[in-house]
Structures are given as structure tokens and as C-alpha cells.
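Read off the chains here:
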Amino acid sequence: ATTRYVAWSDGYCNVDEPAKARTRVYDREAHSLTEFDRGVWLTLTPRGELGIGEFGPHSLFDLASSRYTFVLPPGRADVAWSPDYRYAARGYVGGHGGLCG
């Protein structure tokens, strides 16, 4: 959650019925709820973006404009961001286990 948004995913790890997974974002200013038709591993950035991706956001989606502001090229590495989400680094980190174990 941030001062403006609250975001969550329902059923992200539901491997039996993945179509039931949803991501929802509540906008405290607009008093509105937006629903996306897939569950995502998410982070909210200080700039009001939804960070999407396992083991670090691989893309940033601006909730105010409904547009992607950044998408990493395809790859399965972990992603680490600077605190202000201006810079990203991608690499492999061992020992963090699975998402839905």
C-alpha cells in the first residue's frame, strides 16, 4: 500500500484454476477499484506504479495513465531496483526458494 493505492492479488498460486486469479487496486483518492484479469506478483512504487514480476518487478505499470512505463527484455533473472525505482539491475540470486511452495 501507498498513501494513494492499495493493491493485492487473489489466487496467484492457484495452479488448479489460474483463470480465477485477479489483481485489484484501490485508489484512495478516486474511491475506485480497478481489477485486472490475472494475478501478478506485485509491488507498489513510490511513483504510483504497479511493479509486476516474480523476484523483483520486470515491468512497471503506471496506474494513473494505465500504461507501462518500463518493461525489461524477456529473461528469468531476479531484478533489484534502486529505492526510487529509477534504476534496475538483473542477475541471479540463489537460495530464495519458490513462490508457491
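## Quick word on the pairing of strand 7 (residues 67–71)
Two faces, one strand: in a regular strand the side chains alternate between the faces of the sheet.
Okay, step 1: Of the pairings in the sheet, the one linking strand 6 (residues 59–62) to strand 7 comprises four bridges and is antiparallel in character. The residue bridging Ser59 from the neighbouring strand is Val71, located in strand 7.
Okay, step 2: Between the end of strand 6 and the start of strand 7, which pair antiparallel, lie four residues, with Ser66 showing a positive phi angle near 55°.

## What to know about the pattern of salt bridges
Okay, step 1: Here the structure, examined in full by the defined rule, presents six salt bridges.
Okay, step 2: Measuring nitrogen to oxygen at the nearest pair gives 3.7 Å for the salt bridge that ties Arg4 to Glu29. Here Arg4, found in the segment before strand 1 (5–10), pairs with Glu29, found in the loop between strand 2 (22–27) and strand 3 (32–36); they are 25 residues apart in sequence, far enough to count as distant.
Okay, step 3: On the basis of relative accessible area, Glu29 is assigned to the exposed category, the value being 59%.
Okay, step 4: One salt-bridge network, in which partners are shared between bridges, spans Asp10, Arg22, Arg24 and Glu35.

Calculation criteria
- Residues numbered from 1 in each chain as written.
- Predicted model: local features only at pLDDT ≥ 70, side-chain atom pairs only at ≥ 80, totals over all residues.
- Heavy atoms only, no water.
- Pairing = 2+ DSSP bridges.
- Helix = DSSP H or I, 4+ residues; strand = E, 2+ residues; numbered from the N terminus.
- Salt bridge = Lys/Arg side-chain N within 4 Å of Asp/Glu carboxyl O.
- Buried < 20%, exposed > 50% of the residue type's maximum accessible area, 1.4 Å probe, protein only.

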